[in-house]
Amino acid sequence: MDYLQLLNSSIRLSAPVILIAMGGLFALKVDVFNMALDAFALIGCFFSIWGAYVTGTLPGGFFIGILCTVLFSLVYAVFVLEWEVNPVVCSVAMITLANGLTRYLMQPVFGTSGNVILSSELALPTVHISLLDHLPVLGKILNNQTILVYLSLLLPFGIYVFLKYTEIGLSMRACGQSKETARSAGLKVKKIQYLALILNGVFCALAGCQLALSINMFNVGMTSGRGFTALAALVLTNSHPLFALLVGLLFGFADALSNVLSADGYPSQLLGMLPYFLALIAAIVPMAVQSILSRIHIQQQERMLMKI
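Residues numbered from 1 in each chain as written. Predicted model: local features only at pLDDT ≥ 70, side-chain atom pairs only at ≥ 80, totals over all residues. Heavy atoms only, no water.

Undergrad: Help me understand unusual backbone geometry, please; the structure alone is not making it clear to me.
TA: Peptide bonds are trans in most cases, and residues, glycine excluded, mostly fall at negative phi. One non-glycine residue with positive phi stands out, namely E84, at about 55 degrees. Mapping E84 onto the fold places it in the loop between α3 (58–82) and α4 (87–110). Positive phi values are uncommon outside glycine, yet S224 reaches one of about 50 degrees. As for its placement among the helices and strands, S224 is situated in the loop between β4 (217–219) and α10 (226–236). (Helix = DSSP H or I, 4+ residues; strand = E, 2+ residues; numbered from the N terminus.)

Structure follows, in structure tokens:
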């Protein structure tokens, strides 16, 4: 087994989950529980391929994929924010719509009902960073990835800074903690929520672009539940972007490992559970550690009080 190649594949496979998680994080920060992340990413997959197909260019695929996913997210936002439909119920409807729509459009758009493969010229190219060649191990792990993979590794740090130190980021957090308090402070809560859901759509669209354009193909249901994995990671890590990054990386590793082991003849049914199982474990561990540390801190305080 080539362990460096395994880790290289892990980074690539983790990118969609990380990007979806970063999108879902914005929705949770403004107190919108969006379960339809997988549907948003699926829309991004389909329309990025369709955009590349009709325009014959990768930028066209990116533009149409992001545009259509943002429009899809705005439909969700109108139902949830304007008409006050329960976010979970609306999410179920959007999941059904995305699955049905992408299945239906395959035949009239591409003339097929299973999958569509575009020209290799429309595949998202990998980037070779010569600077990484000087790093013996990390160079082989990180090099020759797409630009979206590198973006997924950097985004969580940028989002962490954005939410903690910028005015808009602090406004989003304020809206999520208490809408009434935010309104009394003069914040336009609904506009902030719309912005968060638009960003939700953008990052899920980028995940869809990575999934589809990196292999220049689309097949029905190609997100394979990555949106639900990303959502579980966000909930269990309390929407912390850096912890969500770690869960995404572990998911990618488990996914790559299951691919290698299945090629060696191990049962694919059991291996298919491995990424989700390990991702769940990784999401629980930070919370368990935090709980243990808080208990130790409380016990120390109690001992100090008893001495007094």
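Undergrad: Would you take a moment to explain the state of the cysteines for this structure?
TA: Disulfides are covalent bonds that link the sulfur atoms of two cysteine residues. Overall, the coordinates contain 0 disulfides when judged by the stated rule. No disulfide involves C68; its sulfur sits 10 Å from that of C209, the nearest cysteine. Lacking any disulfide linkage, C90 is separated from the closest cysteine sulfur, that of C204, by 14 Å. (Disulfide = S-S within 2.5 Å.)

Undergrad: It is not clear to me how a nonpolar patch on the surface should be interpreted in this structure. Could you clarify?
TA: Together, F277, I281, V285, V289, I292, L293 and I296 make up a nonpolar patch on the protein surface, roughly 620 Å² of accessible area in all. Residue classification places I281 among the partly exposed residues on the basis of a relative accessible area of 38%. (Patch = residues over 30% accessible without salt bridge, like charges linked within 9 Å, V, L, I, M, F, W, Y side chains within 5 Å. Areas by Shrake-Rupley, 256 points an atom, 1.4 Å probe, with all protein chains shown as cover. Salt bridge = Lys/Arg side-chain N within 4 Å of Asp/Glu carboxyl O. Buried < 20%, exposed > 50% of the residue type's maximum accessible area, 1.4 Å probe, protein only.)

Undergrad: Would you take a moment to explain the environment of Q5 for this structure?
TA: Considering the arrangement of structural elements, one finds Q5 in helix α1 (residues 3–29). Between the alpha carbons of Q5 and L257 there is a distance of 11 Å; along the sequence they are 252 residues apart.

Undergrad: Would you explain the pattern of salt bridges in this entry?
TA: When their charged atoms lie close together, side chains carrying opposite charge are able to pair. All chains considered together, the criterion is met by 4 salt bridges. Residue E82 pairs with K190 through a salt bridge whose shortest N-O separation is 3.6 Å. With a gap of 108 residues between them, E82 in helix α3 and K190 in helix α9 (residues 189–213) connect regions that are remote in the sequence. When its relative accessible area of 38% is taken as the criterion, E82 is described as partly exposed.

Undergrad: Explain the environment of S91 to me, please; I cannot follow it from the model alone.
TA: With respect to the helices and strands, the residue S91 is situated in helix α4. Accessibility expressed as a relative area gives 0% for S91, which makes it buried. Sequence separation between S91 and L249 is 158 residues; the distance between their C-alpha atoms is 26 Å. Excluding residues that lie within four positions of it along the chain, S91 makes contacts with F33, N34, M35, A36 and Y76. (Contact = heavy atoms within 4.5 Å.)

Undergrad: Would you explain the nonpolar core in this entry?
TA: It is characteristic of soluble globular proteins that their nonpolar side chains tend to be buried jointly. V32, I49, Y76, I159, L213 and F218 are the most contacted members of the largest nonpolar core, which totals 76 residues. Considering every element that reaches this core, the biggest residue donor is α9, with 13 residues. Filtering out sequence-adjacent residues up to four positions away, Y76 remains in contact with V32, F33, N34, F40, P87, C90, S91, M94 and L197. In this structure, L6, L13, A256 and L261 belong to the second largest nonpolar core, which totals 5 residues. (Core = buried A, V, L, I, M, F, W, Y, C linked by side-chain atoms within 4.5 Å.)

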